[in-house]
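Listed here are the chains, written in short residue letters.
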Amino acid sequence: MKTIDELLAEGVDGKRVFVRADLNVPMADGLITDDGRIRAVLPTVKALADAGAKVVVASHLGRPKGAPDPAFSLLQAAERLGELLGTPVAFAQDTVGPAAHGAVDGLEPGQVAVIENLRFNAGETAKDDIERGEFADRLAALADVYVGDGFGAVHRKHASVFDLPARLPHYAGYLIATEVGVLKKLTEDVKRPYVVALGGAKVSDKLAVIDELLGKADRLLIGGGMAYTFLKAQGHEIGVSLLQEDQLPAVTEYIERAAKTGVELVLPVDVLVAPAFPDLSSKAPANPTTVAADAIPADSMGLDIGPESRKLYASKLADAATVFWNGPMGVFEHPDYAEGTRAFAQALLDSPAFTVVGGGDSAAAVRQLDFDETAFGHISTGGGASLEYLEGKTLPGLAALED
Ligand SMILES: Nc1ncnc2c1ncn2[C@@H]1O[C@H](COP(=O)(O)OP(=O)(O)OP(=O)(O)O)[C@@H](O)[C@H]1O
Ligand SMILES: O=C(O)[C@H](O)COP(=O)(O)O
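Parameters at a glance
Throughout this description, residue numbers start from 1 for each chain and increase along the sequence as written. The order in which chains are written sets their letters, starting at A; the order in which ligands are written sets their numbers, starting at 1. Reporting of local features is limited, given that this is a predicted model, to residues whose pLDDT is at least 70; pairs of side-chain atoms are given and counted only at 80 or more, and all residues count toward the totals for whole chains, interfaces and linings. To get the side-chain values, take all heavy atoms of the structure and skip hydrogens and water. For every residue, the pLDDT score states the predictor's confidence, bounded by 0 at the bottom and 100 at the top. UniProt positions are given in the numbering used here, feature names are shortened, and annotations may be inferred rather than shown by experiment. The numbering of helices and of strands both runs from the N terminus, where a helix is a DSSP run of H or I of at least 4 residues and a strand a run of E of at least 2. Any two residues whose heavy atoms approach within 4.5 Å at even a single point are treated as in contact. What qualifies as a polar contact is a pair of N or O atoms within 3.5 Å, subject to a donor-acceptor requirement within protein and to the restriction that residues adjacent in sequence count only when both atoms come from side chains. Residue exposure (1.4 Å probe, protein chains only): buried if accessible area is under 20% of the type maximum, exposed if over 50%, otherwise partly exposed. Criterion used throughout: strands pair if DSSP finds at least two bridges between them. Convention adopted: a line fitted to C-alpha atoms gives each axis, helices being fitted over their contacting stretch, and angles between N-to-C directions are expressed from 0 to 180 degrees. A side-chain nitrogen of Lys or Arg and a carboxyl oxygen of Asp or Glu constitute a salt bridge if their distance falls within 4 Å. We call a set of buried Ala, Val, Leu, Ile, Met, Phe, Trp, Tyr and Cys residues a nonpolar core when their side-chain atoms join them within 4.5 Å. Residue ranges assigned to the domains are those given by an automatic or database domain assignment.

**Q** Looking at this model, I keep getting lost on the confidence of the model for the chain. Mind explaining?
**A** Residues shown with low pLDDT carry predicted positions that ought not to be read at fine detail. Considering every residue of the chain, the mean pLDDT works out to 96; 100% of them sit at 70 or more. Predicted as a complex, the structure gets a pTM of 0.89 and an ipTM equal to 0.94.

Next up, the structure:
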């Protein structure tokens, strides 16, 4: 994989460099609540701009449906990028249309433009190779060189991640190089006991990962929205909690396999429940109640791990040598459901383990709950991406940067 240092040595003065970043930052009421992913790409953008490149930054934000949707505009992220760079950044209101071409044509060496959300175009995420390729051709017309630095999206076979690098000279940016360097250690020479903790809400994406992790980790701790499909598979009532119903047979098989192979599978023993998902805008008190994990009322939703589970999980971290954690333990954005995630992060810090925290929201949670992020071994910008890397899968966005 050629790196950005090689590109800089070759020279970029006046060249249009397309940087595929992951600016998929958490937002609430139209405002960015954590800019970690924007900060993470700054070294690459700065180095290119300082070397006189015309830098074109592109990303997805959220999951719009292949057409423009103002709720998912990258405008705020572009403005924040400009603030962090200390220089104005041009923003194009389309991705490959006249606005994008106008913004790129208007760049002087050393200047930066952000184009609108890649996923406003159906071609970005299309399953069909030809449709993706056509969109990649249109993106390629905006640049001379490609730098991949959106680590959080390298597990997606999307046009800007997979097809575009094949059309331009391509290099890995600093973020991807750092992330891969750290995660590689967990696949090659992991110190045991190796504990993997999974929470969050992208249950369908991440359940599949457990299949592989069962052969790698010594202990699997399941929390967040992920836990309820497991509790249901064990035959418990889970009320209206997050459920991936089509995965129940697979989860039942994971539970059986873990028992057979001696992998310790740890599920919550108590949870915080309420009749509905909390209002994250007003943060009005949610008044949850704590119930045993096998006694969730039929009309309730599980939204955080309870106090006994927090103690249990802390005890499972206390003797760990390596921990990988992806996905908050509860809906940490609301103060009534933040304690599970807070206690878990604290237990990680108290453990002697080398800890890797992966994921946009997991990293945001650590910062929002006022932990010193430098105290963790590594905070990865990728959740799904780092999990799939640890699974040993070939990731489209990394494969595309090779050769
Ligand atoms: N019990 C729960 N029910 C519903 N949502 C939950 C629950 N517990 C946590 N969440 C939500 O999960 C979200 C984060 O999940 P997600 O899987 O996206 O993690 P992530 O760290 O951002 O990983 P990635 O980078 O792959 O997106 C948070 O917004 C949180 O509110
Ligand atoms: O948040 C993430 O994990 C990445 O930005 C990828 O987003 P996606 O899961 O919507 O593809």
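**Q** Just checking my understanding: could you explain the UniProt feature "binding site: (2R)-3-phosphoglycerate" (unreviewed entry) in the chain for this structure?
**A** Mapped onto this numbering, the UniProt entry annotates "binding site: (2R)-3-phosphoglycerate" (unreviewed entry) at Arg 37, Arg 119 and Arg 156. Here Arg 37 is to be found in helix 2 (residues 36–50). Those residues within four positions of Arg 37 in sequence are excluded, and the remaining contacts are Asp 22, Leu 23, Asn 24, Val 25, Gly 152, Gly 359, Gly 360, Thr 381 and Gly 382. Among the polar contacts made by the side chain of Arg 37, one reaches the main-chain carbonyl oxygen of Asn 24 at a distance of 2.8 Å. Of note, Arg 119 is situated in the loop between strand 6 (112–115) and helix 5 (122–125). We classify Arg 119 as buried; its relative accessible area is 9%.

**Q** Hey, could you run me through the sheet that holds strand 15 (residues 322–326) in this one?
**A** Consider a sheet: its strands pair through backbone hydrogen bonds, and that pairing is either parallel or antiparallel. Judged by pairing direction, the sheet is parallel, and its six strands sit side by side in the order 11-10-9-15-16-17 without closing on themselves. Bordering the open sheet on either side are strand 11 (264–266) and strand 17 (378–380), each of which pairs with just one other strand. Taken over all neighbouring pairs, the strand axes of this sheet differ in orientation by 15 degrees on average, direction set aside. By the bridge criterion, four bridges tie strand 9 (residues 194–198) to strand 10 (residues 219–222) in an arrangement that is parallel.

**Q** I tried to follow the pattern of salt bridges on my own but got confused; where do I start?
**A** As a working rule, side chains carrying opposite charge can pair if their charged atoms are close by. Going through the model one piece at a time under the given rule, you end up with 25 salt bridges. Here Arg 156 and Asp 205 are joined by a salt bridge, their closest N and O atoms 2.8 Å apart. With a gap of 49 residues between them, Arg 156 in the loop between strand 7 (145–148) and helix 7 (159–163) and Asp 205 in helix 9 (residues 203–213) connect regions that are remote in the sequence. Look at Asp 205 and you get partly exposed, because its relative accessible area is 28%. Close ionic contact of Asp 218 with Arg 192 constitutes a salt bridge, the shortest N to O distance being 3.1 Å. A residue pair is termed long-range when its members are at least 10 positions apart, and Asp 218 in the loop between helix 9 and strand 10 and Arg 192 in the loop between helix 8 (174–188) and strand 9 qualify at 26 residues. Judged by its relative accessible area of 28%, Asp 218 falls in the partly exposed class. By relative accessible area, Arg 192 is classed as partly exposed at 46%. Put simply, Asp 35, Arg 39, Arg 80 and Glu 83 are held in one network by salt bridges that share partners.

**Q** Looking at this structure, I do not really get the nonpolar core. What am I missing?
**A** The nonpolar side chains of a soluble globular protein tend to be buried, and buried together. In terms of nonpolar packing, the biggest core is built from 71 residues, with Phe 18, Ile 115, Ile 210, Phe 230 and Phe 324 touching the most fellow members. The element that contributes the greatest number of residues to this core is helix 8, accounting for six residues. Domain assignment of the residues forming this core places at least three in each of domain 1 (4–177) and domain 2 (190–391). Residues in contact with Phe 18, not counting those within four places in the same chain, are Val 56, Ala 58, Ile 115, Leu 139, Ala 143, Val 145, Tyr 146, Val 147 and Leu 164. In this structure, Val 12, Ala 21, Leu 48 and Ala 78 belong to the second largest nonpolar core, which totals 30 residues.

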